[in-house]
Amino acid sequence: MSGIEGEGLNDGLDAVEADGGLWVPGVDYLAGWREARAAADRLNRALLAAGFELSELRASATTAGDGRGVVRLAGWPVVVDRLAALLESAAGGDGGA
């Protein structure tokens, strides 16, 4: 599947460990998550445009213990290597090798 929505998106990339922290009363976690969700959606659209499959590589939104939004990128190692090569090429470098 190559869309942002659909059943094919739950192929094991959603396995994100909880940070183990407790929610603190008065912290606006929803605002941080919304900001992270918008950024993750933008990154996912860019990944799709670059030819990646979201069943193999995907950004997801979460929040830190202090309520700040966090975007996590999860993917299969071979696909992450492909992304790294693409970014290195775009940056005009060799990845420090």
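The paragraphs below set out a description of the structure included in this document. (Residues numbered from 1 in each chain as written. Predicted model: local features only at pLDDT ≥ 70, side-chain atom pairs only at ≥ 80, totals over all residues. Heavy atoms only, no water.)

Brief notes about the overall build of the chain
Then step 1. Assigned secondary structure in the chain consists of 2 helices and 2 strands.
Then step 2. Listed N to C, the secondary structure of the chain is α-β-β-α in terms of helices and strands.
Then step 3. Here the chain holds 97 residues, and the buried ones make up 22% of them.
Then step 4. Restricting to contacts in the chain with at least 6 residues of sequence separation, those with at least 24 account for 58%.
Then step 5. Working note: accessible area of the chain is about 6600 Å², and carbon and sulfur atoms make up 55% of it. (Helix = DSSP H or I, 4+ residues; strand = E, 2+ residues; numbered from the N terminus. Buried < 20%, exposed > 50% of the residue type's maximum accessible area, 1.4 Å probe, protein only. Contact = heavy atoms within 4.5 Å. Areas by Shrake-Rupley, 256 points an atom, 1.4 Å probe, with all protein chains shown as cover.)

Topic: the pairing of strand S2 (residues 69–75)
Then step 1. Judged from the 7 bridges that link them, strand S1 (residues 57–63) and S2 form a sheet pairing that is antiparallel. Residue Leu57 lies in a different strand from S2, and its bridge partner there is Gly75.
Then step 2. In textbook terms, the turn of a hairpin is the stretch between consecutive antiparallel strands, and for S1 and S2 this stretch comprises 5 residues, one of which, Gly67, has a positive phi near 95 degrees. (Pairing = 2+ DSSP bridges.)

Points about helix H1 (residues 29–49)
Then step 1. With 21 residues, H1 extends 30 Å between its outermost C-alpha atoms, agreeing within 8% with the 30 Å of an ideal straight helix rising 1.5 Å per residue.
Then step 2. The elements touched by buried residues of H1 are S1, S2 and helix H2 (77–91).
Then step 3. At the C-terminal side of H1, Gly51 shows a positive phi close to 95 degrees. (Expected span 1.5 Å × (residues − 1).)

Section: H2
Then step 1. Look at H2: 21 Å from first C-alpha to last across 15 residues, which is about the 21 Å you get at 1.5 Å a residue.
Then step 2. Looking one or two places after H2, you find Gly92, whose phi comes out positive at around 75 degrees.

Some remarks on the pattern of salt bridges
Then step 1. The final tally for this structure, using the stated rule, is 2 salt bridges.
Then step 2. With a shortest N-O distance of 3.1 Å, Asp41 and Arg37 are connected by a salt bridge. Highlighted residues: Asp41 and Arg37, both in helix H1, separated by 4 residues, approximately one helical turn.
Then step 3. When the shortest N-O distance is used, the salt bridge between Asp66 and Arg68 registers 2.7 Å. (Salt bridge = Lys/Arg side-chain N within 4 Å of Asp/Glu carboxyl O.)

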